[in-house]
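Letter by letter, the chains look like this.
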Amino acid sequence: MKRRQILSLLAVFIASLVLTVSCNQTVQEAPSGETTSANTEPIVLGYSTWAGWWPWAIAEEEGLFEANNVNVKLQWFDSYIASMESLAAGKLDANSQTLNDTISFAGDAIHGEVAVLVNDNSAGNDKIIVSQEIKSIEDLKGKKVAVEEGVVDDFLLSLALEEKGMSRKDVEIVGMDTGDAAAAFVNGNVDAVGAFPPFWLIALEREGSKELISSKEFPGAIPDLLVVTQKLIDERPDDVQALVNTWFDILEFMEKNPDRADEIMAKRANVSVEELQRLKEGTKIFTIEENLEAFSPGDSMKHMPYAAEKMAKFMVDVGFIEAAPPLDKIFDDRFVKKYAESK
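Described below are features of the structure shown in this document.

Reading the values: the criteria
- Residues numbered from 1 in each chain as written.
- Predicted model: local features only at pLDDT ≥ 70, side-chain atom pairs only at ≥ 80, totals over all residues.
- Heavy atoms only, no water.
- Helix = DSSP H or I, 4+ residues; strand = E, 2+ residues; numbered from the N terminus.
- Buried < 20%, exposed > 50% of the residue type's maximum accessible area, 1.4 Å probe, protein only.
- Contact = heavy atoms within 4.5 Å.
- Areas by Shrake-Rupley, 256 points an atom, 1.4 Å probe, with all protein chains shown as cover.
- Axes fitted to C-alpha atoms, helices over the stretch in contact; angles between N-to-C directions.
- Parallel < 35°, antiparallel > 145°, perpendicular 65-115°, else oblique.
- Nonpolar A, V, L, I, M, F, W, Y, C, P; charged D, E, K, R; others polar.
- 1 Å grid on protein atoms, 1.4 Å probe; cavity = no way out; pocket = protein on both sides within 12 Å on 5 of 7 lines; lining within 4 Å.
- Points joined across faces, edges and corners; volume = space filled by probe spheres on them.
- Pairing = 2+ DSSP bridges.

This part covers the overall build of the chain. Summing up its helical and strand segments, the chain has 15 helices and 11 strands in all. The buried share among the 343 residues of the chain stands at 52%. Counting contacts in the chain only where the partners sit at least 6 residues apart, residues at least 24 apart contribute 78% of the total. Counting every atom, the chain has about 15,800 Å² of accessible surface; 49% of that belongs to carbon and sulfur.

Now for the packing of helix 6 (residues 152-163) against helix 14 (residues 304-317). Running from amino to carboxyl end, helix 6 crosses helix 14 at an angle of 100 degrees, the nearest separation of the two axes being 11 Å. Considering their axes alone, helix 6 and helix 14 lie roughly perpendicular with respect to each other. Of helix 14, the residues touching helix 6 (which contributes D154, F155, S158, L159 and E162) are K310, M311 and F314. Here the contact of helix 6 with helix 14 is built from residues that sort into four nonpolar, one polar and three charged.

Empty space within the second largest pocket amounts to approximately 560 Å³. Every residue lining the second largest pocket is counted, 29 residues in all, and those nearest its centre are T49, Y80, I81, F196 and F199. Looking at the lining of the second largest pocket, the element that brings in the most residues is helix 4 (residues 80-88), giving three residues. In the lining of the second largest pocket, the residues fall into 14 nonpolar, seven polar and eight charged.

Take the pairing of strand 4 (residues 114-122) next. The element strand 4 is largely enclosed, with a buried count of nine among its nine residues. With six bridges connecting them, strand 4 and strand 10 (residues 223-228) associate as antiparallel partners. Bridge pairing in strand 10 places V114 opposite V228. Alignment of strand 4 against strand 11 (residues 283-285), held across three bridges, turns out to be antiparallel. Bridge pairing in strand 11 links S122 to T283.

Attention now moves to the sheet that holds strand 9 (residues 210-214). What the five strands build is an open sheet, ordered 7-6-8-5-9; its pairing is mixed. Both edges of this open sheet fall to strand 7 (172-175) and strand 9, since each of them pairs with a single strand only. If you compare each strand with its neighbour and ignore which way they point, the axes differ by 25 degrees on average. When strand 5 (residues 127-130) meets strand 8 (residues 192-195), the two strands line up antiparallel, connected through four bridges. If you follow I128 over to strand 8, its bridge partner there is G194. Lying on the sheet, helix 7 (residues 178-186) is in contact with strand 5, strand 6 (144-147) and strand 8; it crosses strand 8 at an angle near 150 degrees.

Below is the structure:
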């Protein structure tokens, strides 16, 4: 997947201004004179197929948004890319997306993009699957590796090679969409593939294939985030806080009602409860303490400011983006900090 271009941004921006003016004219005041979640425009939050984002469906089913006095409309996307394009074009107020994709889109987003919460880290759900004869990272030298260039599993491959003193130049990169990459691997057209679920399940259908490495070996390399527009933060900071608070209420619900939570998530993901358990295994849901660590400065991939610099350099080096956006503008930790202080 090459650099995605956002088309007709000016037209979308003008349309969004018209919609905003129209909506502002129709908002009614509550009897007390205060605006409540029931009579404000809903925050439109996008999410898609990833185990760490399915819990948002619990908030919708169990009334947790309402309990936090925030009006939210969840929008499901079968296409993850479409959700990112919608946020960048101003059609969403918030989206569920990875750190590297936030870096990729932030420079073109008409209302800005800011990470305010870490939902989870990929902890094994992103994998490099190889053919039978490949026993080590060093064995990849000169081999054909199919990956979606510039995105998470390409980055995972780069980290694995770097750890062994190698680089992407030591392998033959075959760039294609992840679904096509998995199919090419199964058909024997390439020697290895980088994939996320469900595509690594498909890749493992090749006889003798196996997992070589996964995101489990590289903590912090693939953070999955709640990303909101800067516009939403500027205009409705209390609602952004309510979104963050709702997430932690979701986690509490999951802990107290595991069967009901799994039922809701499996239905949303269109998988069986048994399949859900397998996909959950490779996803590490973050606590508030882990959120605070992730937003803090540091010198490892567990710290997002450090990880962002490494990811941005990688994407520029491989030609996925021309230049990195200002990285200090894509993080805002005030909301997780405020939640932590309330506990």
